[in-house]
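# Report on the structure
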Amino acid sequence: GGPGGGIPINRTTGGLFAAGLVALWLASGVYQVESEELAVVTTFGDYASVQGPGLHWHIPAPVQGVRKQPVLSLRDMVIPVSDRRSGQLSPGLMLTGDKNIVDIAFTVQWRIKPNLIPEQGEEMPGVAQYIFNIEDPEALVRMTGEAAMREVVGRNTLDVVQTEGRSE
């Protein structure tokens, strides 16, 4: 050996290094949930629990994971989104009850159910259902909004749709 000024590698040093790595791994499980969010904790990819706002800890990856979703913010979607220059029919074209065609644009406002405990008859709270049961939430909201609007427009005449039934 030559002159050395480094840390000697022995059993104690290796143990301290391993303990430090474990401590860092455990510390990586600390997470913050903001006031408008809920966090869904998963264990090996399956639903485990829902946590509300505050500072929390979970078993770090790969055992548990956390997915946060804003549940108090109101989301909106304008329907239809179409390009008039393409020459294709607008998705907002609807048939009224008196067989007239109207072109309707509307906004759907929605939010995720902000419950922490599953409602009666449900396996998971609303935010967990949103994450695990809906593949494409935007498409689902769009299709549901269009179906509801088509049902209302189809029940009414053109005059009602353009005047007093407009707010419905």
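Residues numbered from 1 in each chain as written. Predicted model: local features only at pLDDT ≥ 70, side-chain atom pairs only at ≥ 80, totals over all residues. Heavy atoms only, no water.

What follows covers the overall build of the chain. For the chain, the count of helices and strands is 4 helices and 9 strands. Going from the N terminus to the C terminus, the chain shows its helices and strands as α-β-β-β-β-β-β-β-β-β-α-α-α. Residues classed as buried in the chain amount to 30% of the 168 residues present. Taking as baseline every contact in the chain between residues at least 6 positions apart, the subset at least 24 positions apart corresponds to 61%. Accessible area of the chain: about 11300 Å², with a carbon and sulfur share of 57%. (Helix = DSSP H or I, 4+ residues; strand = E, 2+ residues; numbered from the N terminus. Buried < 20%, exposed > 50% of the residue type's maximum accessible area, 1.4 Å probe, protein only. Contact = heavy atoms within 4.5 Å. Areas by Shrake-Rupley, 256 points an atom, 1.4 Å probe, with all protein chains shown as cover.)

Attention now moves to the nonpolar core. Formed by 23 residues in total, the largest nonpolar core has its most connected members in M94, V102, I104, F106, V127 and V153. Of all elements in the fold, only strand 2 (37–43), strand 6 (75–79), strand 9 (106–110), helix 2 (126–133), helix 3 (137–155) and helix 4 (158–162) reach the threshold of two or more residues within this core. Top contributing element to this core by residue count: helix 2, with 4 residues. Setting aside its immediate chain neighbours within four residues, V127 contacts L38, V40, V50, Q69, V71, I112 and K113. (Core = buried A, V, L, I, M, F, W, Y, C linked by side-chain atoms within 4.5 Å.)

Now for the packing of aromatic side chains. If you walk through the whole model with that rule in mind, you get 1 aromatic pair. Judged by centre distance (6.3 Å) and plane angle (40°), the rings of W110 and Y130 are tilted. A residue pair is termed long-range when its members are at least 10 positions apart, and W110 in strand 9 and Y130 in helix 2 qualify at 20 residues. Here the two residues W110 and Y130 agree in accessibility, since each one is buried. (Phe/Tyr/Trp six-rings, centres within 6.5 Å; stacked < 30°, edge-to-face > 60°.)

Here we take up the pairing of strand 6. Residue alternation in strand 6 divides its side chains into a buried set, R75, M77 and I79, and an unburied set, D76 and V78. Where strand 6 lies against strand 9, 5 bridges are found, and the strand directions are antiparallel. Opposite V78, over in strand 9, you have T107 as the bridge partner. (Pairing = 2+ DSSP bridges.)

An order of 3-2-5 is seen for the 3 strands of this open sheet, with the pairing classed as antiparallel. Each edge of the sheet is formed by a strand with only one pairing partner; in this case those strands are strand 3 (46–51) and strand 5 (64–70). Adjacent strand axes in the sheet meet at a mean angle of 25°, parallel and antiparallel pairs treated alike. Relative to the sheet, helix 2 contacts strand 2, strand 3 and strand 5, its axis offset from that of strand 2 by approximately 60°. (Axes fitted to C-alpha atoms, helices over the stretch in contact; angles between N-to-C directions.)

Geometric values such as these leave the question of function open.
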